[in-house]
Structures are given as structure tokens and as C-alpha cells.
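Structural overview for review
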Amino acid sequence: MPLPIFDPAHYDAQLADKLARFKADFAPLGLPEPQVFSSEPLHYRMRAEFRLWHHGGRVDYAMFDADNPKQPILLDDFPPAAAPIARAMPRLREALIASEELKRRIFQVEFLATLSGELMVSLVYHRKLGPEWETAARELAAALGAQIIGRSRGQKIVLERDWLLEEFELDGRRLRYQQIEGSFTQPNGEVNRKMLGWARAQAADAGGDLLELYCGNGNFTIALAPLFGRVLATELSKSSVRAALYNIEANGADNITMVRMSSEELSDAMAGGREYRRMQGVDLTGYRFSTLFVDPPRSGLDPATVALAAGFEHILYISCNPQTLRDNAEALAATHRIAAAAAFDQFPYTHHLECGLLLVRQR
Ligand SMILES: C[S@@+](CC[C@H](N)C(=O)[O-])C[C@H]1O[C@@H](n2cnc3c(N)ncnc32)[C@H](O)[C@@H]1O
């Protein structure tokens, strides 16, 4: 697939096309008119990853077109990058060119930024990193005002911390989120806030308790928790669970129980399957679940999780893949109707669209 062209002049038309496709694909399922949440046309991406291309004594940021994978496309800048990344990119390139220690055998850089203005830069090498690298990296960290991580095979050097603190306002609350290097975080910060706001609006009158699968670092969990009596949140990745526990504490959320479990295991436990040691102390029968919240990977929900979902009054489903969302909504059509829909443009200038559905059990 060729690299996208980031031209704000085409933004509205491209979003309209994606929306038309979404509506057409879901029309047979009785899709209500979706609420549409657009992105900033530039500087919307909180994560960016580039190869570094060495030539003639300098290094440049490079991307590759899958149709011509041997030919690097050198980048002066990257218009989608969030402001902290966009500001750091030219300064990092100059610092790499000026320092043999930082430049030698580096092949990749990964940026992570927050709406709160923090920045993390992971430098990835084809060589072992020693104390000289660390000294040079400390100077770089001070110059960029960033957290710097050095990586090579079997090695990870963290100068200060390997996480950022995201902070923003949502519906009158100030929310705080630890985001750990290498763990999942939503790529488009402002659109993520809009997703959280939409999810809260859909859940406002649900009452009862919430079961959440695929909760990541607690992005939705923390935002939704005050609307429910109790919340049981589950996630597979160890580092995301660590961040979620931090975030529960940092936000003073006292009604959330967090368990590291795959959706398949949780569905099995809920269906009365085998006993899980990680569920010790969690009395599943004590919950009064009104709502299931899911935000799965692109593959969507597995059959056991679809079967679990069918027993819920409300299913709030955020998806980065309309195809698997459609398959899952179709599988639930016998028990649930689509009561509300939303389109979130997390990925401008690509054909990808993030979608939200509220499914409500048919009477
Ligand atoms: C699209 S992300 C959403 C994370 C979170 N809701 C957020 O907004 O940041 C999907 C999450 O599902 C987790 N995951 C992937 N496969 C899983 C599985 N089989 N069971 C449970 N969690 C899984 C990933 O680690 C990731 O955190």
C-alpha cells in the first residue's frame, strides 16, 4: 500500500467516503445515523515510528512504501505528528548527526507523546550500548526535555522512566493515565477524548455494574467507572495491567477490580468453566452487570466472548475494524439491536475508521 498523502484539503472528502462505506456496510443491521467525530487534520498522532537512514555521514527519518520496500522515502517532517514529536524531530536528527556515539548503528526511532505535553523517544540500535552512550543520551534527554530509552537486542536502558503521564479534562474531571513504553495506547489523543465522551454518554443511564474486556491501561475504565456501582476490568498484557493498576490509584477510583485475563479465559470463567487462580477473591455471582464494554484488537470478539455478550442488557463496543465489528454485530442480531452508533476518525488519510456501537437487548 502506498504511503498516505497528508493533505488537509482532502480531509473532509476522505472522511465522508469512509462514513458512506460504514453506513452502507451496516445498513442491513439497521444502523442508526452515526454521530461523527472528526480529527484535527494535522498534528493528531501521539505515536510515530521511523527507520533511520544513514547516508553520506548523515541520518534521516525514513519510511518505506510496501510496493517498493527497498527504496527509502526520506522525510523532512511528518505532518500528522503531535506537536511535541514535530518539535523534537529536527532537533533529534541534528543531535544524531553531531554525535557519533548516538548515531552509530542506530536504525529506528519511536516517539510517544501526550496531550499533557510529555515526550518519550526510544532509540533502537544494532549494537550493545555502554556508558558512553548513556552519557550522550543524558545530554540529549536534557536538550529535548524528553524521556529517552535505548534499546538493542536483549538490552533496554531507561535513563529516568519508561512511561509518560497523560492528563486531560473530561466532563469536568481531570483524568490521569500512565502510558508505558511499548504498551498499547490510542494513537489519536483528541479523538480518544471524544471516544471517552461518547462512551460515557451511552452509559449514563445504564446503572448496575460494568464488565470490561481488553481494558488496556484503563483508558475507558477510569472514564466510565463513576457511572457504575462496581467495575470488573480485564486485560491480557502484563504491562498494560500494571499501568491500569497505577491509573486506578492515580485517579482515586475505588470501585474497580482489575484481573489479568484473556477474554477467552474470562468468558470461560463467566460460563462456569474451570477455576482460575487469578480470579481468587473475585465473586462473580456478586456482580449485577448491566453493561459489557469491549474494545478488542482488529480480530474482534472470539465466539466464546460473543456468546458471553449475548447475555448482557447493554453492549458498548468500540472497534478499530468495521469488518469484524459487523460480523460480531450480525452474530448478536438475534438478541440485540443497534441503539446508537459513532464514527471516530482516529486514522486520517487512511481507509481505517474507528467505530462505536451501543447494542441493546431486544425485548
Ligand atoms: C484496541 S486495544 C484497547 C485498549 C484500551 N481499551 C484502550 O482504550 O487503550 C486492545 C487491547 O486488548 C488486549 N488484548 C489483545 N488480545 C486479548 C485477549 N485475547 N484477551 C484480552 N485482552 C486482549 C491488548 O493487550 C490491548 O490492550
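Residues numbered from 1 in each chain as written. Predicted model: local features only at pLDDT ≥ 70, side-chain atom pairs only at ≥ 80, totals over all residues.

1. A closer look at the site of the ligand
Near the ligand lie 21 residues; those nearest to it are Y214, G216, N219, L236 and S262. Counting residues per element, the ones that place at least two in the shell around the ligand are α6 (219-224) and α8 (263-270). Split by residue class, the shell around the ligand holds 9 nonpolar, 9 polar and 3 charged. (Near = placed C-beta within 6 Å. Helix = DSSP H or I, 4+ residues; strand = E, 2+ residues; numbered from the N terminus. Nonpolar A, V, L, I, M, F, W, Y, C, P; charged D, E, K, R; others polar.)

2. Some details on α8
For α8, the set of buried residues is S263, L266, S267, A269 and M270. When α8 is viewed along its axis, its buried side chains cluster within an angular range of 160° and face the same direction. The secondary structure elements touched by the buried residues of α8 are β11 (209-213), β12 (231-235) and α9 (303-309). Just downstream of α8 lies G272, where phi reads positive at about 80°. (Buried ≥ 20, exposed ≤ 12 C-beta atoms within 10 Å, placed from the backbone. Arc of directions from axis to C-beta. Contact = placed C-beta atoms within 7 Å.)

3. Description of the UniProt feature "active site" (unreviewed entry) in the chain
Summarizing the sequence annotation, UniProt attributes the feature "active site" (unreviewed entry) to C320 and E354 in the numbering used throughout. Maximum C-alpha separation among the annotated residues is 4.4 Å over a sequence range of 35 residues, consistent with a single clustered spot. Mapped onto the secondary structure, C320 falls in the loop between β15 (314-319) and α10 (322-331). A count of 20 C-beta atoms within 10 Å places C320 in the buried class. Residues within four places of C320 in sequence aside, it is in contact with R298, H352 and E354. Overall, E354 belongs to the buried group, with 25 C-beta atoms counted inside 10 Å. With residues near it in sequence (within four places) discarded, E354 still touches I318, S319, C320, F344 and Q346. (UniProt positions renumbered as here; feature names shortened; annotations may be inferred.)

4. A word on the UniProt feature "binding site: S-adenosyl-L-methionine" (unreviewed entry) in the chain
The residues that UniProt annotates with the feature "binding site: S-adenosyl-L-methionine" (unreviewed entry) are Q186, Y214, N219, E235 and D295. Locating E235 in the fold gives a position in strand β12. The residues contacting E235, other than those within four sequence positions of it, are Y214, C215, G216, S240, V241, A244 and R260. Locating D295 in the fold gives a position in the loop between β14 (289-294) and α9. Discounting residues that sit within four places of it in the chain, D295 has contacts with Y214, F220 and I318.

5. Quick word on the sheet that holds strand β3 (residues 58-64)
In spatial order, the strands read β4-β3-β2-β5-β6-β7-β8; together these 7 strands make up an open sheet with mixed pairing. On the outer flanks of this sheet lie β4 (72-75) and β8 (155-158), each paired with one strand and no other. Within the sheet, the average angular offset between the axes of one strand and its neighbour, ignoring direction, is 30°. Relative to β8, strand β7 (residues 147-152) is paired through 4 bridges, and the arrangement is antiparallel. Looking at β8, one finds that S152 is bridged to Q155. Here helix α2 (residues 83-98) sits on the sheet and contacts β2 (47-55), β3, β5 (106-113) and β6 (119-125); the angle it forms with β3, its principal contact strand, is near 135°. (Pairing = 2+ DSSP bridges. Axes fitted to C-alpha atoms, helices over the stretch in contact; angles between N-to-C directions.)

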